[in-house]
Amino acid sequence: MILDSNKVAAHNDGLYTAHKNKLVFTASEIAETESIIKKLIDFQIAIPSWALGTGGTRFGRFPGGGEPRSLEEKIEDVGLLHALNNASGAISLHIPWDIPTDRNAIKALAAQHGLKFDAVNSNTFQDQADSAYSYKFGSLQNVNKSIRKQAVQHNIDVIQQGVELGSESLTVWLADGSCFPGQLNFRKAYENTLESLQEIYEALPSNWKLFLEYKCAEPNFYSTTVADWGQSYSYVKKLGEQAKTLVDLGHHLPNANIEQIVSLLLMEDKLGGFHFNDSKYGDDDLTAGALKPYQLFLIFNELVEGMDARGMNHATDLGWMIDASHNVKDPMEDLLQSVEAIMIAYAQALSVDRKALEIAQNENDVVKAQEILQNAFRTDVRALVAEARLRAGAALNPVALYRELGVRDALIGARGLKTVATGL
């Protein structure tokens, strides 16, 4: 479905006066609004191909109809999201769910929608129909060298797929671990995993990055081979400059100080990027900012400070991607909400008075430091985010326009009520 620019313009016309009034008020509250708006326009958040369909749970999957049945339809859906918000200009593919049959045609379709290909993701947490070996007891850690070789070769194949599409990074997430004490030798599992990762790393093109994700638990509930940021850091430090840690916001134990983790990884030049989502209990994969918006702001506060300290480009020097699963929402509406929450947290962090905060910190003025951060968080920056969309030719209220146009009904009409997206 191609979004008619005239309908976007008509939508914006109806909201323009109220928006401008809000923008004037916001500009009176925040300094350097023009600089913030320009950074918001540049900032892009990749959409994962697997989030465009209804996600599964352990107990059931409830498709909502009109799900993308092919890679082409996934690209079309991301193109529609990007047309609505102009902040979703990349798609992240999961192999083998998203292997193109015609790479040139896929690249042309993505270009037609103004999309690039973000990190490609390997999959050794599921057995594939044509695989010789099973990953039931792990992949890169497996005691069987033949199984490890199969998993390594899959990652190398994924890199080649990404090269053909113009991607420049590989994300590795492992389900490897153990369910029971004594099931595996921790040291040997680490050594096997490192050896496997080294083989994959050697296959990286010189302009690529390897992102190593971590997860505290699930699907193994006694040990995980890459269980936390320290273990990921240990691997990527040994691998080399092109290897970085990827932070998934849901992959932490309760009450983990994610913003401190982010700050230290950034300081060590080992932060590769993010999978944005939200959670209450564990890896809940909920809409970004739905439960912990202050935490999301605090993470961006550390990102802005740390990236500026290193002279990094906010938009391009880290990988930004959503990783979510939707079972009770329209996935496209949920993705629009997640992008909005991320942009709001980013804008709030950009509005922090850095000089005043540094003075408060140096003077041990705890109250003042808290006030500076909480005032930034409590300031409504939605008008700045909307203004960035308006200037980029997108919708002032993407979710409202999505509903006004009856997009989901149109997708159901074109694809059917009982379609199921490839992947999860």
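Residues numbered from 1 in each chain as written. Predicted model: local features only at pLDDT ≥ 70, side-chain atom pairs only at ≥ 80, totals over all residues. Heavy atoms only, no water.

### A short note on unusual backbone geometry
In this structure, the amide linkage connecting Ile95 to the following residue, Pro96, adopts the cis form with an omega of 15°. The omega torsion of the bond from Glu218 to Pro219 falls at 10°, within 30 degrees of zero and hence cis. Positionally, Pro219 belongs in the loop between strand S7 (209-213) and strand S8 (223-224). Of note, the phi angle at Glu32 is positive, near 55°, even though the residue is not glycine. Looking at the secondary structure, you find Glu32 in the loop between helix H1 (5-29) and helix H2 (33-42). Overall, Glu32 belongs to the exposed group, its relative accessible area being 63%. In this model, Asn86 sits at a positive phi of 50°, which is unusual for a non-glycine residue. Along the polypeptide, Asn86 turns up in the loop between helix H3 (71-85) and strand S2 (90-92). (Helix = DSSP H or I, 4+ residues; strand = E, 2+ residues; numbered from the N terminus. Buried < 20%, exposed > 50% of the residue type's maximum accessible area, 1.4 Å probe, protein only.)

### Regarding the sheet that holds strand S1 (residues 47-48)
If you trace the three strands from one edge of the open sheet to the other, you get S1-S2-S3, paired in parallel fashion. Two strands bound the open sheet, and with one partner strand each, they are S1 and strand S3 (116-117). Two elements, S2 and S3, share two bridges in a ladder whose sense is parallel. What sits directly across from Ala90, in S3, is Lys116. The sheet strands contacting H3 are S1, S2 and S3, and the helix crosses S2 at an angle near 140°. (Pairing = 2+ DSSP bridges. Contact = heavy atoms within 4.5 Å. Axes fitted to C-alpha atoms, helices over the stretch in contact; angles between N-to-C directions.)

### Some details on the side chain of Gln150
Structurally, the position occupied by Gln150 is in helix H5 (residues 145-165). Exposure remark for Gln150: the relative accessible area of 17% places this residue in the buried category. When sequence neighbours within four positions are dropped, the list of residues in contact with Gln150 reads Ser131, Ala132, Tyr133 and Tyr135.

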